[in-house]
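# Fold and contact review
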Amino acid sequence: MRLIMRQSEKDVAVWTANYIVQRISFFSPVPGEPPSKPFVLGLPTGSTPIEIYQALVGRHNAGLVSFENVTTFNMDEYVGLAPDHPQSYHKFMDDHLFSHVNIAKEHIHILDGCADNLKAECAAYEEAIKKAGGIELFLGGIGEDGHIAFNEPGSSLTSRTRVVALTRETREVNARFFSRVDEVPKQALSVGVGTVMDAREVVIVAAGKRKARAIAACVEGPVTQMCTASCLQMHPNVTVVCDEAAIAELKYGTVQYYLEAEKRCK
Ligand code: PGA
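Residues numbered from 1 in each chain as written. Predicted model: local features only at pLDDT ≥ 70, side-chain atom pairs only at ≥ 80, totals over all residues. Heavy atoms only, no water.

Moving on to the overall build of the protein. Counting its regular elements, the protein contains 8 helices and 10 strands. The globule rule puts the C-alpha radius of gyration for 266 residues at 18 Å, and the 17 Å found for the protein is close to it. Seen through its principal axes, the protein has C-alpha atoms that stretch 50 × 45 × 35 Å. A total of 266 residues make up the protein; the buried ones form 54% of that total. For the protein, long-range pairs separated by at least 24 residues make up 78% of all intrachain contacts whose partners lie at least 6 apart in sequence. Entry remark: accessible area of the protein is about 12,100 Å², with carbon and sulfur atoms responsible for 53%. Computed over 27 positive and 32 negative side-chain charges, the separation of the two mean positions in the protein equals 4 Å. (Helix = DSSP H or I, 4+ residues; strand = E, 2+ residues; numbered from the N terminus. Rg over C-alpha atoms; globule rule 2.2 N^0.38 Å. Buried < 20%, exposed > 50% of the residue type's maximum accessible area, 1.4 Å probe, protein only. Contact = heavy atoms within 4.5 Å. Areas by Shrake-Rupley, 256 points an atom, 1.4 Å probe, with all protein chains shown as cover. Lys, Arg positive; Asp, Glu negative; His and termini not counted. Charge placed at Lys NZ, Arg CZ, Asp CG, Glu CD.)

The following block contains the structure:
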């Protein structure tokens, strides 16, 4: 694991956007299906990614990155919200990223929370990821309870894309986007922990004091289904990018180690 620490949430966004731009450029994606090589990018929603998407749009407008040969897979979607619902993740992605960059509609994949057969929708999503050649880089946030995607505490660490029940805590946290907590859907479709673990690289972003306990559990805690992000300790290529507030619960020695590691590995 690599831990990148920056002062503010804005610095986290800038580092992460620059890193994604660099990774796409270095990969030099070309169109088509495997063995041709588009860049397959896993994407999150939530508050933390907003500034990252703004920064990516800025770099796209400045001609520093093209999404022409990028294929995306989003992490999750609420069950029962139509794509044009103001709080659907389809709408979120369109508003914050997709409508501002040169990505083709057919390269965008987001689970359909209104599909007639949700189980089949999830199985087809796993197949589509496989067909695209697997995810090159999965960008994700972390929940206050340590979830990645909507893999709540208690989710199997080998889980695949499926229908999940949201915890009361997650629904309360996400109620800020709805008028009241009762409007937050009780279920979602989400890629599994196993789906994220299959990505060739994972980048997790966290900002703010409310993420400090989850970050400590993810980085220093035991690998446990009670903090599904802790599973990333078993992944060979993970970067966790945090602001100062989000590392508040890490041990002094842990912070010193990763600061030193970043200096040496420049
Ligand atoms: P946030 O959500 O970026 O809105 O804090 C992160 C998450 O729940 O994964």
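Now that the structure has been shown, the text picks up again.
With that settled, the discussion passes to the nonpolar core. Within soluble globular proteins, side chains that are nonpolar tend to cluster in buried spots. Formed by 44 residues in total, the largest nonpolar core has its most connected members in Ile 142, Val 196, Ile 215, Leu 232, Cys 242 and Leu 250. Mapped by element, the contributors of at least two residues to this core are strand E1 (2-6), helix H4 (118-131), helix H6 (193-197), strand E9 (202-206), helix H7 (212-219), strand E10 (238-243) and helix H8 (252-264). With 5 residues, the single largest contributor to this core is H7. Not counting chain neighbours up to four residues away, the residues in contact with Cys 242 comprise Leu 3, Ile 4, Met 5, Arg 6, Val 12, Ala 206, Ile 215 and Ile 247. Judged by nonpolar contacts, the second largest core, of 33 residues, contains Trp 15, Tyr 19, Val 65 and Phe 92. (Core = buried A, V, L, I, M, F, W, Y, C linked by side-chain atoms within 4.5 Å.)

Ordered in space as E4-E8-E7, the 3 strands form an open sheet in which the pairing is antiparallel. Edge strands, defined here as strands with exactly one partner in the open sheet, are strand E4 (76-78) and strand E7 (162-165). Averaged over all neighbouring strand pairs, the angle between strand axes comes to 30 degrees, with direction disregarded. (Pairing = 2+ DSSP bridges. Axes fitted to C-alpha atoms, helices over the stretch in contact; angles between N-to-C directions.)

Purely spatial values, then, with no claim about function.
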